[in-house]
Amino acid sequence: MKRRTRQRLYRLVMYAIFVALVIWAVVATDWGRFARQFLDPEVALKLFPDIIVTALANTLWFTLVGFVGGALLGILFAMMKMSSILPYRWFATAWIELFRGLPALLTIFAVAFMLPIGLGIKIPGGPAASGLVGLILVSSAYMAEVIRAGIQAVPKGQIEASRSLGMSPMKTMFWVVLPQGFRIIIPPLTNEFVLLLKDTSLVFIAGSTLMTRELTTFARDLANQNANGTPLVMAALLYLVVTIPLTRLAAWLERRMARER
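In this text the structure is predicted, and so the values were computed from the model without any measurement.

Caption draft 1: Spatial organisation of the packing of helix 6 (residues 104–119) against helix 7 (residues 127–153). In the contact formed by helix 6 and helix 7, the axes pass within 8 Å of each other and the chain directions differ by 135 degrees. It follows that helix 6 is oblique to helix 7 by the angle criterion. Two packed elements cross with a definite hand, and for helix 6 against helix 7 that hand is right-handed. In contact with Ala104, Thr107, Ile108, Val111 and Ala112 of helix 6, helix 7 contributes Ser130, Gly131, Val133, Gly134, Leu135, Leu137 and Val138. For the contact of helix 6 with helix 7, the class distribution of residues is 8 nonpolar, 4 polar and no charged.

Caption draft 2: A look at the pattern of salt bridges. For the structure shown, the criterion picks out 5 salt bridges. One salt bridge in this structure joins Glu145 and Lys81, with 3.2 Å as the shortest N-O distance. A residue pair is termed long-range when its members are at least 10 positions apart, and Glu145 in helix 7 and Lys81 in helix 4 (residues 50–81) qualify at 64 residues. With relative accessibility at 15%, the residue Glu145 sits in the buried group. Take Lys81: its relative accessible area is 19%, and that puts it in the buried class. For the salt bridge of Arg148 with Glu145, the shortest nitrogen-to-oxygen distance reads 3.1 Å. One end of the pair, Arg148, and the other, Glu145, are both in helix 7, 3 residues apart, so they sit about a helical turn from each other. One salt-bridge network, in which partners are shared between bridges, spans Lys81, Glu145 and Arg148.

Caption draft 3: Spotlight on unusual backbone geometry. The amide bond that connects Phe48 to the next residue, Pro49, takes the cis arrangement and shows omega of 0 degrees. Positionally, Pro49 belongs in the loop between helix 3 (41–46) and helix 4. The residue Ala227 is not glycine, and still its phi comes out positive at about 50 degrees. Residue placement: Ala227 occurs in the loop between helix 11 (215–226) and helix 12 (230–260).

The rules behind the values
- Residues numbered from 1 in each chain as written.
- Predicted model: local features only at pLDDT ≥ 70, side-chain atom pairs only at ≥ 80, totals over all residues.
- Heavy atoms only, no water.
- Axes fitted to C-alpha atoms, helices over the stretch in contact; angles between N-to-C directions.
- Helix = DSSP H or I, 4+ residues; strand = E, 2+ residues; numbered from the N terminus.
- Parallel < 35°, antiparallel > 145°, perpendicular 65-115°, else oblique.
- Left-handed = near helix turned anticlockwise from the far one by under 90°.
- Contact = heavy atoms within 4.5 Å.
- Nonpolar A, V, L, I, M, F, W, Y, C, P; charged D, E, K, R; others polar.
- Salt bridge = Lys/Arg side-chain N within 4 Å of Asp/Glu carboxyl O.
- Buried < 20%, exposed > 50% of the residue type's maximum accessible area, 1.4 Å probe, protein only.

Okay, structure coming up:
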């Protein structure tokens, strides 16, 4: 059998398996029960407008604050890790490995409960602020490595040219290296934003009020109240409404930068 014939036969078999699985799922599903349990329009209408003005707004706010805070700390620790001063490198490496190695849930739990009890350090602003600090710590570790990679990707000739013009090392870093480095790492930073958006669902471990609930906590509470899974489906759809455009944006930026290179 020729190679092209084998490939065509393989594709036909894969298509047939896929179609068979789709038909099986359609036939085997109890659509009436599924709709009552997860797609109830009456339950869905009860969610509005709170699911938008409170839950989604809080999710986006937590994500934005966590991203900005993580980026600022990420720049600091990226520069410390590349420093010629050994203690700075040690501290930055320990910070990055610690918060990349710990699950985000445990980090938020530690900030919300272990710090106040063990060290007497209480984050002002209540449970939501403690959850935000935990998100910032986690995102800073990941973004530090992304930012460090971006800085190191800037050609050394750019640094040498800046220094030859009389710019100090600090000015060279902030006016020449960082702008070019951030341009390189826009796609991975976009992916980090998407991951952080989903990690806001872990803020509940620190506690929440009616006005600080994010999407997952809001949907879970309403699902329990109504004994129905429709709120969880609605929350999932809103996550997708935000994340799919962002992931498509990241993919487009990657293709554009690849063409420019």
